[in-house]
Every structure is written in structure tokens, then in C-alpha cells.
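Tertiary structure, described
Residues per chain are reported as follows:
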Amino acid sequence: MAKTFGHSALLVLVFLSILSKYSEQLQSSQVQTLLRLKLVLNSPAVLSSWTNDTDFCNTEPSPSVTVVCYDESITQLLIIGEKGTPPLPRSFSIDSFFTTLVKIPTLKVLTLVSIGLWGPLPSKIARLSSLEIFNVSSNFISGAIPQEISSLTNIQTLILDDNMFNGQLPHWLSSLSVLSVLSLKGNSLEGVLPESLGSLENLRILDLSHNHFLGQVPDLSSLTSLQVLDLENNSLGPQFPHVNKKIVFLVLRNNKFSSGIPSEVSSYYQLQKLDISLNRFVGPFPPSLLGLPSITYLSISGNRFTGMLFENLSCNSGLEYVDLSSNLLTGKLPDCFLSNSKDLTVLYFGNCLNTGDKSQHQFSFCRNEALAVGILPHRRKREQTSKIVLAFSISGGIIGGIALVGLAFVIARRVHLKQTKGTVPPRSIPESASTGYSSKLMSEARYVSQATRLGALGLPAYRMFSLEELEEATDSFDTSTFLDQGSHGQMYRGRMKDGSFVAIRCLKMKRSQTTQSFMHYIELISKLRHRHLVSALGHCFECYLDDSSVSRLFLVFEFVPNRTLRSWVSKRGARRTLTWAQRIAAAIGVAKGIQFLHTGIVPSVFANNLKITDVFLDQNLVAKISSYNLPLLAESMRQVGEQISSGGSKGLDKARVKHEEKSDVYDFGVILLEIIMGRPFDSTDEVDVERDQLQRVITADNAARRSAVDPAIHNGYADESVKTMMGICIRCLVKDPGDRPSIEDVLWNLQFAAQVQDAWCGDTQSSDGSPISLVQLPRWQRNLQ
């Protein structure tokens, strides 16, 4: 037996010896391949350390040279030369170079940047079938992109930037099913972009800038992972490209786009950079772009955008660069350009803005130029131009549309400022949505900056909380942190580790529900992030250990400590009351919150049974709605689930949706009535009586209207502003829901009342729901900040 054991051991030793020699031969072969590559590249300085004695697999990587091995095989090769490296000598052969290179078939990552490669890319690149990342940027490679690349089915990143590739973009790119990064900038590619680009469903970055592409951009809206689209310096157009709403960087600079900006751009809630400069865009500039929740860079220069800017227009606090120059804009520069940040750069020369400097044209220049390109039509062309889609947009409550009634609006405003009589026609004004971020998107967004990860509106990103966090924040839900008990669960105040306060709603669930069954509702709740809502911050599930069903669901919202709107307008004995301008601003904020619930999320949220006690003011007196009809809290969860799966409100009966929408308008009318008259109304009979009184005084004289207005604001309002507010309030409170105005109509009238009030008193109040002059908070509230 010992003899047998010794014989077996001997065989093992022989086998290991053979295997060791084989490994040494394999390693030696790869060493020789690398040294051969060094010679073919004319022994560049960056490879001076490569010798026969180099242990490539154990050499410390550097920014210029990296070799990575796995199981004695080279899997990654990175060579990066000096920027501006000239072409290799005439004796260099790119074919010989790749003939040597393909002797390392195990390569997964191949990066050859700025090393002077020249000539057409050989077809033998197909032999590197394991490649996942291929980067040969900043060389002198010419000719067409070889079709053999289509056989690299594992390729995820393809970067051919700053070479001399020519010809058309090949249709076979669609066969690269896992491709996530395609960058071809700085070449001589030409022709029309293939429709097959729209089928690269995993594509995250598409950079085709600085080429010679022309024609229409294919529909890319189905590319739900696309975050970066750079088409700068081509001849593409005229239609604005269709992309998904999760786009982060969109650069269309220096092309031939000539249509208007689609309204859906105002809902790109993750958009950080938008550069559409040096094109032929016409139509109204949507000021809502300045208020996008993630925007930091915006350039529209060198187009023919029209529109009136206002001082009290709102901007995103994270803005770093804005270029509005060389357009046809009128009005005044927004105050937020000065107050947002010391680091904000703003360019605005070559418009017709009222800035008092010589960088602007006269107003007539912009009007005549607009007429020349058909933006502001003559009256006799009204029927024809009514078919043109020119969107009206809001940012911070300011009207940005011009189109058919643009010039009429400017004239009407001037007439009102002179206190002449006239009626204001209602207009539909969409408000941009500010939705939350799904956890899947945030976990995969490698190319999204930290600013986007922190979420919108100055809030942290929506996330899942642990039960331990919430228990620590509330001292294990101690009675001292209890805020309220309602049909929708108990509410607690919590203080997080960073010192911020939150409101936590605790909901008890039926044992049959699992976490998966709640995901539709959580997705909806995560979207409830808006300037004029008490926004959602996250959630937490508490589950039974035996079957993982949900026992309790915790919903976490921002905490707004500055009392209800009622306490500021009608509560007797209050320390302070809102001015008329501040009341209008609060009303605008509530209206915009309602509009977001109706149109800014899917499924829409209607029939919110809104009361003035459900509206809170934050430390800047921004109005925030704290109670809305969450489907999760509804009695029939199955019905809501069907609504979500059928596409939101599209799956509901239209008549029902319209009725529920107008019920919110009626509730808003009751709030507006209290804002105007300064006293609470607790029954529909009281509301009817006061509505009738407003109906009588609105057509009477100033003294009659004065008798109906809260005495606390006498001598502090423009009569025309009050009259406008009374008129829209009466319309909101009519009995027949079909006769009530839309929330867009309401919002337009409120905006106009704010502008008239501002002009009357020279006030600096903002009409976006954010009064600039702050009210000193009581000490107990300051301690919570």
C-alpha cells in the first residue's frame, strides 16, 4: 500500500512539474507579445519600463500603463500616451500591431489612447472576442468603422473619439445588444443617423459630437437608460430629438434645429445640462427650464427665442451657468440671477431686456425680428397660426408664453398698470413636474453627479429608511413626539442624526400584504416631491418574521413647522398676518401644488378634500399642501392598483376625473375666500352666502369691495388685484362643477393679480409662492431650524 501511495505521489509531482512548465511557457509567451508590441510602437517613453524581467501581472498600475492578469492571462491592457502625440513613423503598420495584439485573446479591456496609431482599423479586431471595453481615442485611425466590430458581442463600451473615421454610422450597431457607452466624437463621420440607434436599449451615453451628421435624429425615447446625449457641432435637425425624461446631459449646440422646445422638456427632472445654443430655434422660451430641480447649466444663446422675463421668476438654487444671449427676449432679468449664488455666471447680451446697458437692442428690434420669422403673427393670420404648437410654461409662477396672445398679454398688462378697465381672458399654463427618483435608477446612474443624487428642491433623495433610524429619531415613538391621529394613521415628529426634522406617518397593514404588493404605491409616493407639497422623503416596512408580510408601513415626509395658512390670515390674536401680496403668493403656491397633483404625476391625485388647515407655510412663507388623497390610504387598494397598471388617470372614467378635478377647484375657492375676507368658514351655507356677497360687490365701487376685504390689509392692496382675486374665487365656488374653471385658468388669474399688485406698490414680493421679505419666526420655531 505504501508503494502504491509513493507511486501516486510521484505521478502528482510529475503532473505539477508539467503544469508549472506550461504556466511558465504561457507567461513567457505573453511577455514576448507585450515586448513585441513595444517594438511595433517604436518603443515609446511610456513603455520604457517594459523588459524581459518585468513581472507584468504584479507590476503596480499607473495612470499611463496598466496590465491586469487573471489566472496567468492578461485581461486588461491600458496604454495612454502624452496628449498631442504625433503619428507613428511611416514604417509603422497597424495591421502588424493588431496581428501581435490578437495573440492575447483573453483581453476584456483594451485602452490605447494618444499613442500615434494610424491607418484603417484591421478586421482582425474580431479575434478579440472577449472585449468588453475598447478605447482607441486620440489617435489617427482612418477609414470606415469595420463591420467586424459587430462580432464583439460582449462589448459594453466603444470609444473611438478624436480619430479620422469616415463614412456613415453603420446600421449593424444595433447588434451590440449590451452596448452602454458609444462615443465617436471628433471624427469625419457623415450622413443620416440610422434608426437602429433607437434599439440599443442598454445605451447610457451616446456622444456623436463634432462630426458631419445631418437630418432628423431617430426616436431615442425608448432608450430608458440613456443619460447623456451629445450631438454638438453637426448639421442635425430640424425637430427636437425625442429622449426619455431621465436624461441628465443634453447637448445640441451648433446644429440646424429650428422647431420650438417641446413642453415635455420642462418635465426632465434629472436634467443637469441643457445646451441648445447656436441653432435656429424659434418660439417662446419656457422660463420653467431655469427652475428644473437638477439644472446647473443652461445655454440657449444664438437662437430666436421670444418671451418676457420677470424679476420675480424662480431659478434652481444650483444654477452655475446661464447663457440667454443673442435671442429676442424682453422684460427684466430675474432677481434670482443675483441672489442664487456668487458663482453663477449669466450672459444675456443681444436681447431687448430692460437692463439699462448698451448690450441690449430696442424693444422694436425683437418685435420686428419675431414678426419676420412668424413668431408673433399679424391679426389677419390668427386662424392659420392657431394651429402652431407654441407652449406656455411657468417657472415660479411667471407666464413665459408669447405665441398667439403674447403681444396681447403685454398690452393688457400695460393697460392694467394704468388702472384702466378690461377683462383678462383665461389661459392654460402647464406647470413642470418635480418628481422623485426610483431606487433602481439611482443605483445604476454611474454618470449622474452628486447634485442629482441629493435629489430635488433642496431635499435629500427619496430612500428607504431603517426602522432603527425612525425609532431613534422619535425616541421609540415616544408620546412627546406624537403630532396627530387621523383616519390615515398616526403622525410623529422625528429628528434625524443630521439635525433635520421629519414627519413620520405610521400605517397598520393587513397581514396578507407583502412588500412587493406595495411597490406600485411606493413608486407613486416617491414622486410626491414638489415645492408646494410637503414632500415625501422615504419609507420603511416593518414585517412579520414568520411570513415576511407587512405589519406597519412608515411614510417619511419633510417637516414644516411654521403653522397653517389659516393661522396667518384668519386666526384672531395671531402675532402677525400676511400682506395682500403674500396672500396672493400663498394662493399661487397652493394652486401650483394642486396642479402638480393633477398633471405632474401618474396616476394623478384628485379629490384631495383640501382645507386651509392642510396648508402650511415654511420658514420662507412658501405654501405647502400637507394632505393629499394618496391611493395607498384609500379604502379600495385593488381599484388603485388597477388604475396604476392601466396607465394612471387614462384608465379612469373621464367624467369622474373631471368631476374630481373640479372638486379640488371648489375646495381651493373656499381657501381663497378665507384669504380674501380674513375669517374662517365652516359650512357650505356660509360659503354660499359670502360668495353671493362677493358677486354683488365685485361690480360695485371700490368702497363696496373694501367692505368685503379683511380689514387687516386695508390700504395695502390694488383694487384691480382684489377684483381679479374675487372674480376667480366666485368662479371656483359655482354649484355646477362643469362651470368651474380649470386649475390652469385659476393660476393664470392669480399670476395676473400678483403682477398688478406688484406694479401698484412697487413691492418686491415674489409671485411664485416665495415672498422675499421674510417674517421673523417665533422663538420656539426658530429653535427647530
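In the block above lies the structure referred to throughout.
Residues numbered from 1 in each chain as written. Predicted model: local features only at pLDDT ≥ 70, side-chain atom pairs only at ≥ 80, totals over all residues. Heavy atoms only, no water.

Considering the environment of valine 67
With respect to the helices and strands, valine 67 occurs in strand β1 (residues 65-70). Given the relative accessible area of 10%, valine 67 is considered buried. Separated by 12 residues in sequence, valine 67 and aspartate 55 have C-alpha atoms that sit 10.0 Å apart. When sequence neighbours within four positions are dropped, the list of residues in contact with valine 67 reads Trp50, Phe56, Ile74, Gln76 and Leu77. (Helix = DSSP H or I, 4+ residues; strand = E, 2+ residues; numbered from the N terminus. Buried < 20%, exposed > 50% of the residue type's maximum accessible area, 1.4 Å probe, protein only. Contact = heavy atoms within 4.5 Å.)

Brief notes about the sheet that holds strand β12 (residues 212-215)
Spatially, 6 strands are ordered β4-β6-β8-β10-β12-β14 in an open sheet, and the strand pairing comes out parallel. This sheet does not close on itself; its edge strands, each paired only once, are β4 (118-120) and β14 (235-236). Examined bridge by bridge, strand β6 (residues 140-143) and strand β8 (residues 164-168) share 2 bridges and lie parallel to one another. Paired with glycine 143 across the strands is phenylalanine 165, a residue of β8. (Pairing = 2+ DSSP bridges.)

Focus on the packing of aromatic side chains
A full pass over the atoms with the stated rule returns 15 aromatic pairs. Ring centres of tryptophan 50 and phenylalanine 56 lie 5.2 Å apart, and the angle between their planes is 90 degrees; this geometry places the pair in the edge-to-face category. In terms of burial, tryptophan 50 and phenylalanine 56 fall into one category: buried. Ring centres 4.6 Å apart and planes at 15 degrees place the aromatic pair tyrosine 297 and tyrosine 321 in the stacked group. Of this pair, tyrosine 297 sits in strand β18 (residues 297-299) while tyrosine 321 sits in strand β20 (residues 321-323), and the two are 24 residues apart along the sequence. Residue tyrosine 297 is classed as partly exposed on the basis of its relative accessible area, which comes to 24%. Through a chain of ring-to-ring contacts, three or more aromatic side chains come together here, namely Phe240, Phe257, Phe281, Phe285 and Phe305. Lying over the aromatic face of tyrosine 297, lysine 273 brings its terminal NZ or CZ to 4.7 Å of the ring centre. A cation sits over an aromatic face here: arginine 552 above phenylalanine 477, 5.9 Å from the ring centre. (Phe/Tyr/Trp six-rings, centres within 6.5 Å; stacked < 30°, edge-to-face > 60°. Lys NZ or Arg CZ within 6 Å of the ring centre and 35° of its normal.)

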